[in-house]
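Chain by chain, the residues:
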2 protein chains.
Amino acid sequence: MKIAVDAMGGDNAPQAVVEGAVQAAKEYGHKIFLVGLEQAISEELAKYNLSDIRLEIVPASQVVEMHESPVAVLRQKKDSSLVKAISLLKEGSAQALVTAGNTGAAMACATIHLRAIQGVERPAIATVLPTLHGYSLLLDAGANVDCKPFHLLQFAIMGHIYTRDILGIEDPKVGLLNIGEEEGKGNELTKQAFELLKGGPFNFVGNVDGKRLYSGFADVIVCDGFVGNVALKTSEAVAEAMVDFFRREVESNWRNKLGFLFLRPALRKLKRRMDYAEYGGAPLLGVNGAIVIAHGASGAKAIKNAVRVAGEVVKYDVNRHIEDNIVRRGKLARFLNRN
Amino acid sequence: MKIAVDAMGGDNAPQAVVEGAVQAAKEYGHKIFLVGLEQAISEELAKYNLSDIRLEIVPASQVVEMHESPVAVLRQKKDSSLVKAISLLKEGSAQALVTAGNTGAAMACATIHLRAIQGVERPAIATVLPTLHGYSLLLDAGANVDCKPFHLLQFAIMGHIYTRDILGIEDPKVGLLNIGEEEGKGNELTKQAFELLKGGPFNFVGNVDGKRLYSGFADVIVCDGFVGNVALKTSEAVAEAMVDFFRREVESNWRNKLGFLFLRPALRKLKRRMDYAEYGGAPLLGVNGAIVIAHGASGAKAIKNAVRVAGEVVKYDVNRHIEDNIVRRGKLARFLNRN
């Protein structure tokens, strides 16, 4: 498989991205196109033994910064690593793309250059959340900051298809992120979305409030991208604050230090469990092309895992499943057409 | 001071509420009106030694359930503990009210029966968040699920006044909860609110994304009530999930159990730090009357602390400060009139 990696995207680019790409090329055997500033990528590559792996630099002269507006990127960054990587996808040289860069820009460039799958109004970022017993899929995690109820319905259907056909969950439970559990709770968006979702041809289990986000109550949780982004970043912030506070306490006396020595393996396991890097990137569902968005703070491991996820998106032909179900045939398509 | 407590409100009512009220009466010396089903409250009170404390039952025949819509409560629950407690405030028999019950109903009944402070369009729930070095105030925590930019501006001003005049923070830093740190990020609401806030006569420090929610970067963080509620409940969920996971690990072998014995005091301190019960309730700012909203899952300690907060709201005359600054005089009032 051939996968393009935006070597300039993310807080730790190009170092961590190149390192992760090298690891992925070794571990999964994919051919990786590293797209970006040729000189910078070459310097990073010089650190590794590249025998027996397939890596190619695709030069791009511009870099998209994290704070740039999507509109500015579309207009002024036509030779950026992001846009260049997307064109590799478009011309068929690569089958998937991984980027840890500016999410808004990635979403905008992908939608303009590759277009959304016919029938999909808004592509969405689908992020995996760890729960006590497994995983849930949250979408949208930040691609669409202002949504209409119909968009949440489409997210639900794309999430349903992804968890059923790719993650292999039979009859996935679909929930709506809301501020209470009972029907009738919420803002205008979620109240109207509830009405649409409850008639949907999938297993709608109702509202999921923040308290149940990590409970595994639903396999798919839909929300607008603003709320999804706040929920995810807040989660990270709490986990980090707890770890920081705990670390300070541990350093405060010998008794705590001793306890820490015993508990270190358990704490490592906890950290691993909460660590987004383990889950790799989040697929951008609904766009014509396999694009995986990695966390902006991705280290090498996160990039490597995002390449793995990109490979799975291609292997299981996620887009064909979405297109078939949303547009061409079946009860999901019929239901969407009625709404 | 005389404080009314909605004895029937919350998941653990009336047991935990009565217990907390008894503790508060003892510790703070306030007179407490316990409002609700007479028989049920009497049975709970029989468990305690009530000498030297001032407690009085105020009978109310109805109970507001957690899932009831505010409109239904206003129409059908006129003799509920909530409405009865609010009327004690209105007639001046009590100076403050604490409820752990249905937040939407509390907000609606308070606004209808007591009215908002003149000039305040939307009262807001102001919740204290622990940070590494102190506390931040988040509002709105759930009273207003659909907001206009001007409402966020008023929340900012009420938060500014509360933290400055009551919490004693000089020139408090005011931030906007958003999905990125740079100006220009966000949905329609936050983009427009940013424009209003940056011209405000207070120390606006810009966007606060979820990652910085617990960083202490801002003393006051404003958002609409939907987003605030999701952020708070998600935070609780993450903290609980981490503790659950850790507990399981600890029980899995002797090495972890031993480490846990040493670390128990540190873990208790962490739990205390993350525990909303320590901070008491959240004042409903902007309504004519001192109302403190306690967490729906409040135990006795949370209720006791909510009564303490209610006492402070009265003692520092929060409402006069808001009214003076928003309506009567000064640069905040002039600024609001221009917008």
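Residues numbered from 1 in each chain as written. Chains lettered and ligands numbered in written order. Predicted model: local features only at pLDDT ≥ 70, side-chain atom pairs only at ≥ 80, totals over all residues. Heavy atoms only, no water.

Q: Go over the confidence of the model for chain A with me, naming the residues and quoting the values.
A: Within chain A, residue pLDDT values average 91, and 98% of them lie at 70 or more. Overall fold confidence (pTM) sits at 0.90, and the ipTM for the predicted complex is 0.89. (pLDDT = per-residue confidence, 0-100.)

Q: I'd love a proper account of the sheet that holds strand β10 (residues 220-222) of chain A, names of residues and values included.
A: Residues and elements named next belong to chain A. The 5 strands lie next to each other as β6-β7-β10-β8-β9, forming an open sheet whose pairing is mixed. For this open sheet the edge positions go to β6 (127-130) and β9 (203-209), each flanked by a neighbour on one side alone. In this sheet, neighbouring strand axes are inclined to one another by 30° on average, regardless of whether the strands run parallel or antiparallel. Sheet strands in contact with helix α6 (residues 149-166) are β7 (135-139), β8 (173-178) and β10, and its direction is about 165° off that of β10. (Pairing = 2+ DSSP bridges. Helix = DSSP H or I, 4+ residues; strand = E, 2+ residues; numbered from the N terminus. Axes fitted to C-alpha atoms, helices over the stretch in contact; angles between N-to-C directions. Contact = heavy atoms within 4.5 Å.)

Q: I'd like a description of the packing of helix α4 (residues 81-91) of chain A against helix α5 (residues 103-114) of chain A, backed by residues and values.
A: Residues and elements named next belong to chain A. Close contact between α4 and α5 brings their axes to 10 Å; oriented N to C, the two are set at 35°. Where α4 crosses over α5, the two elements pack in a sense that is right-handed. Counted together, L82, V83, I86, L89 and K90 of α4 and A105, A106, C109, A110, H113 and L114 of α5 form the full contact between these two elements. The class makeup of the residues in the contact of α4 with α5 is 9 nonpolar, 1 polar and 1 charged. (Left-handed = near helix turned anticlockwise from the far one by under 90°. Nonpolar A, V, L, I, M, F, W, Y, C, P; charged D, E, K, R; others polar.)

Q: Hey, could you go over the pairing of strand β9 (residues 203-209) of chain B for me, with residue numbers and the actual values?
A: Residue and element names in this part refer to chain B. Taken across its 7 residues, β9 has 5 buried, putting it largely inside the fold. Strand direction decides the pairing type here: strand β8 (residues 173-178) and β9, joined by 6 bridges, are parallel. By the bridge assignment for β9, G175 is matched with G206. After leaving β8, the chain enters helix α7 (residues 188-198) and then returns to the sheet as β9, a path that is right-handed. (Buried < 20%, exposed > 50% of the residue type's maximum accessible area, 1.4 Å probe, protein only. Right-handed = clockwise from strand over helix to strand, strands pointing away.)

Q: Lay out the interface of chain A and chain B in plain terms, naming residues and giving numbers.
A: Of the residues lining the interface, 57 residues belong to chain A; the matching set on chain B comes to 58 residues. Here chain A packs against chain B, burying approximately 5400 Å² in sum over the two surfaces, 72% of which is carbon and sulfur. The tally of links from chain A across to chain B stands at 6 salt bridges. We note a salt bridge from E236(A) to K211(B), for which the minimum N-O separation is 3.1 Å. Linking chain A with chain B are 15 residue pairs in polar contact (both at pLDDT 80 or more), by the criterion used here. Those elements giving two or more residues to the side of chain A that touches chain B turn out to be β8, α7 (188-198), α8 (225-250) and α9 (254-274) of chain A. If one sorts the elements of the side of chain A that touches chain B by residue count, α8(A) sits on top with 21 residues. The class makeup of the residues in the side of chain A that touches chain B is 29 nonpolar, 13 polar and 15 charged. (Buried area = accessible area lost by both parts, 1.4 Å probe. Salt bridge = Lys/Arg side-chain N within 4 Å of Asp/Glu carboxyl O. Polar contact = N/O pair within 3.5 Å; in protein donor to acceptor, adjacent residues only side chain to side chain.)

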